[in-house]
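Summary of structural features
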Amino acid sequence: MPASSRQSNSPKLPLQRGLLRITGDTLEGPRETDAFDIVSGPGGDVGIVLLDIATRHSSPSDVARALLAKAARGINERTPLHAVMLDLVRALFEYPSTELRVTILRCSIAEARAEVTTAGMPPLACARPDGHVSTHGTSSPPLTSTTTVPPPVEVVPLVWGTTWLTVSDGFTAGSDHPDPVRRLALDLELPQRGLILSGQSPDALYELLASRVSESGRFSRDDATLVLVGADPNARFESGIQRGSEPG
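Just so you know, these numbers come straight off a predicted model, no measurement behind them.

1. As for helix α1 (residues 60-76)
- The terminal C-alpha atoms of α1, which comprises 17 residues, lie 24 Å apart, in line with the 24 Å expected from a rise of 1.5 Å per residue.
- Those residues of α1 not exposed but buried are P60, S61, V63, A64, L67, L68, A71, A72, G74 and I75. Burial along α1 is one-sided: seen end-on, the buried residues are contained in an arc of 160 degrees.
- The first or second residue beyond α1 is R78, which carries a positive phi of 60 degrees.

2. Some details on the nonpolar core
- Ranked by size, the top nonpolar core spans 25 residues in total, and within it L51, L67, L88, L100, V102, I104 and L143 carry the most contacts.
- Looking at this core, the elements with two or more residues in it are β4 (34-40), β5 (46-54), α1, α2 (81-91) and β6 (99-108).
- Setting aside residues no more than four positions away along its own chain, V102 makes contact with L50, L51, M85, L88, T117, T118, A119, M121 and L143.
- Listed in part, the 23 residues of the second largest apolar core include F36, L50, I109 and V229.

3. Digging into the pairing of strand β11 (residues 163-167)
- For β11, the tally of buried residues reaches five of five residues, placing the bulk of the element in the interior.
- Side chains T163, L165 and V167 project from β11 onto one buried face, and the interleaved W164 and T166 project onto a second face that is buried too.
- By the bridge criterion, three bridges tie strand β8 (residues 124-127) to β11 in an arrangement that is antiparallel. Considered in β11, the bridge of A125 is made with L165.

Parameters and conventions
Residues numbered from 1 in each chain as written. Predicted model: local features only at pLDDT ≥ 70, side-chain atom pairs only at ≥ 80, totals over all residues. Heavy atoms only, no water. Helix = DSSP H or I, 4+ residues; strand = E, 2+ residues; numbered from the N terminus. Expected span 1.5 Å × (residues − 1). Buried < 20%, exposed > 50% of the residue type's maximum accessible area, 1.4 Å probe, protein only. Arc of directions from axis to C-beta. Core = buried A, V, L, I, M, F, W, Y, C linked by side-chain atoms within 4.5 Å. Contact = heavy atoms within 4.5 Å. Pairing = 2+ DSSP bridges.

Quick look at the structure:
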């Protein structure tokens with residue numbers, strides 16, 4: 001099926017959204033299927049939407065824009081993420097023979113939590129200040145117009161000093177590890193580097209990951225999108241959220 005063109009409504013990254021620093025881009029490959037957007041919601045919410053589309057539609061970029069806009073409206077209206085996923089499924093009725101891989105990460109400063117939902121995408125990685133790397137998300141299949149049950153939503157405490165790593169499947173193509181994002185994190189020594197990079201801007205981590213993955217040729221069959229989200233360490237005490245470790 002023809003692939004969609006890369007499309008983003010976001011300003012040039014890196015950028016600051018409230019107390020969060022966001023860095024990322026798409027490393028272009030032979031198949032340009034990725035689209036992403038950064039959404040500022042009410043009350044300091046920040047949403048990152050990452051799509052990977054395969055469609056027979058005559059204008060794939062129009063499909064990408066429509067789906068990004070649908071997800072952005074849901075985040076702006078504080079729609080529960082499982083309902084946002086169902087809205088995307090309903091939108092796919094307008095685009096027959098379209099398969100959608102999607103990741104949504106919504107960070108709420110007011111509630112000190114992050115929400116994660118994925119369909120057909122690798123899980124997200126979260127590097128904590130102590131260097132521990134955990135992964136979040138499920139192995140749910142891609143969304144189509146026949147999807148009846150939305151993928152689950154995982155809620156994780158938002159802790160200052162952590163960095164969220166969101167990637168498209170182009171970053172993990174060819175991996176036979178059962179948790180490819182965790183394998184990627186281990187390959188790049190994130191547990192060892194987490195102690196050095198925690199509490200800093202994610203810009204330096206982005207440069208490290210993008211260069212290492214680019215050199216490895218890991219995304220040679222597809223394009224690959226990498227987005228990192230980190231809390232501003234200078235603002236963490238103003239927010240009332242303290243540095244610490246996630247439970248468990």
